[in-house]
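Residue strings, one per chain:
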Amino acid sequence: MTDLTKLTLTEAREALLTKKCSAVELTQSFIARMEKHRDLNAYITETPEIALDQAKESDKRIASNQARPMEGLPLGIKDLFCTKNIRTTAGSKILSNFVPKYESTVSQNLLDAGAVFLGKTNMDEFAMGSANLTSAFGPVISPWKRKNNPNKQLVPGGSSGGSAAAVAARLALATTASDTGGSIRQPAAFTGLVGIKPTYGLCSRYGMVAFASSLDQAGPLTHTVKDAALMLQNMASHDEKDATSLKANIPDYLANISPVVKGLKVGIAKEYMENLDDETQALLQKGIDWLIEAGATIHHVSLKTTPYALPTYYIIAPAEASSNLARYDGVRYGVRVNGKTLDELYENTRREGFGEEVRRRIMIGTYVLSAGYYDAYYLKAQKVRKLITQDFENTFKEVDVILTPTTPSAAFAIDEKPSDPVKMYLNDIFTVTVNLAGLPAISIPSSLNQEGLPLGLQIIGPHLSEQLLFNVAAAIEEAADFATQIKSL
Ligand code: GLN
């Protein structure tokens, strides 16, 4: 076999099981490519020795017919999943020396399935961001380039930008990621990948560095829908160590994928159509046409609370973050900057250890939770959140899934970053509602814009409709034929 890094996750699994290559060869190919593309800054910590040891063990198991479901498959792990004895930074200076003594449930599940870990992928600090520009370890650069201006460095999206760049540049077969308001789906759209945010509670949050606990959810970034199904079924599990973990049956999504949408009722929400630019409008229309062609019916629905989703998110997420991040005080974890008094030690540590965006969120969060403002902001936001959830529940009485664009635009350049943080927040306008309602949603690469950059479509479904989402996504994947479009690039 020539270039093993060109395989998809499911193809690589097949190649290993039919002995077309060994896990060590596969792992070595990825390690060599990671070294060659360090300029993308996709990994914070590379673990080639660990990966090779795991691959050797996988080869033994394959040889003795004891292969586990993901035996010998090299992955990247977002640096927000605690990995035992491997540094875990969450993209922050404050955790730059943190080596966990335990493994997150999601990464443990993947290890138990036989996966090989190439390293920890770069991310926005504490998963706060939409462009991977807030990492204390520097920005991640997308492997994608504009056709007419290949010198501009583009963002891979965020916060899982390292995970996205790693898969898009073939520095891992697939990666884990996390999504609090869009951080799996938005980078997936920006880099031409499939990304699914599962139902809240499907993947355990145990050992994931917390951002906003009621919104955080793990999921995969992959090249194909099949790959996403294989990853998710090996990441998800009921976990007693996470009080919000669901006791859901995790089916064999991969074996059950069927790209048949005949008779499926697809909702198009009026509120998601407003103010779309021409490119995004055309993308949505393509999605509609593909689904009609495949036998689905389109229904116009209204999700009236949509305009309130972003403001609600930017109260709830910082509120929870300010509480979650209180633990980083220089005493128990990570970096410490001394002071004359204990208060000074706290202040110096947090001032030095946290970046600008994280400090902004802590201040907003502390403000909206403070005695005088709790009712006006936090409590109000919780009420609106309930209305957003009900809006979806009512809509899912009429339709099976909802189709939207994933992002309002294609990837922007690093030097085009909006100076106003609120403009940056608008990147997640189509994704945050889903987290507020705890629903699953998938982004599928669907077309290339005029500049040759990927655009993604999002399918939102009711609670625990992951199989349905994979099926609809597979239908769109077939119609869009994105893989063929990018082969010549
Ligand atoms: N971009 C959003 C934020 O900065 C979402 C991040 C995420 O999903 N982790 O909060």
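Remember, predicted model here, so these are calculated numbers, not experimental data.

1. With respect to the site of the ligand
Inspection of the region around the ligand gives 15 residues, with Gly-181, Ser-183, Tyr-313, Arg-361 and Asp-428 positioned closest. One nitrogen or oxygen atom from the side chain of Tyr-313 is found 2.6 Å from an oxygen atom belonging to the ligand. Interatomic distance of 2.7 Å between a side-chain N/O atom of Arg-361 and an oxygen atom of the ligand. Protein chains shield 100% of the accessible area of the ligand, which is 290 Å² for the free molecule. Per-class residue counts for the shell around the ligand are 5 nonpolar, 7 polar and 3 charged. Inspection of the shell around the ligand shows a minimum of three residues originating in each of domain 1 (4–258) and domain 2 (307–375).

2. Let's talk about the pattern of salt bridges
Scanning all chains against the criterion turns up 15 salt bridges. One salt bridge connects Glu-357 with Arg-360, and the closest N-O pair in it is separated by 2.8 Å. Taken as a pair, Glu-357 and Arg-360 lie in helix α13 (residues 356–369) at a separation of 3 residues, close to a single helical turn. Look at Glu-357 and you get buried, because its relative accessible area is 12%. A cluster of three or more residues bridged by salt bridges with shared partners is formed by Arg-146, Glu-416 and Glu-451.

3. Focus: the pairing of strand β9 (residues 401–405)
Regular strands show a simple pattern: their side chains alternate between the two faces of the sheet. Of all 5 residues that make up β9, 5 are buried, and the element is covered over most of its length. As paired elements, β9 and strand β11 (residues 454–460) share 4 bridges and run antiparallel to each other. Looking at the pairing, Pro-405 lines up with Leu-457 of β11.

Rules used throughout
Residues numbered from 1 in each chain as written. Predicted model: local features only at pLDDT ≥ 70, side-chain atom pairs only at ≥ 80, totals over all residues. Heavy atoms only, no water. Near = heavy atom within 4 Å. Polar contact = N/O pair within 3.5 Å; in protein donor to acceptor, adjacent residues only side chain to side chain. Areas by Shrake-Rupley, 256 points an atom, 1.4 Å probe, with all protein chains shown as cover. Nonpolar A, V, L, I, M, F, W, Y, C, P; charged D, E, K, R; others polar. Domains from an automatic or database assignment. Salt bridge = Lys/Arg side-chain N within 4 Å of Asp/Glu carboxyl O. Helix = DSSP H or I, 4+ residues; strand = E, 2+ residues; numbered from the N terminus. Buried < 20%, exposed > 50% of the residue type's maximum accessible area, 1.4 Å probe, protein only. Pairing = 2+ DSSP bridges.

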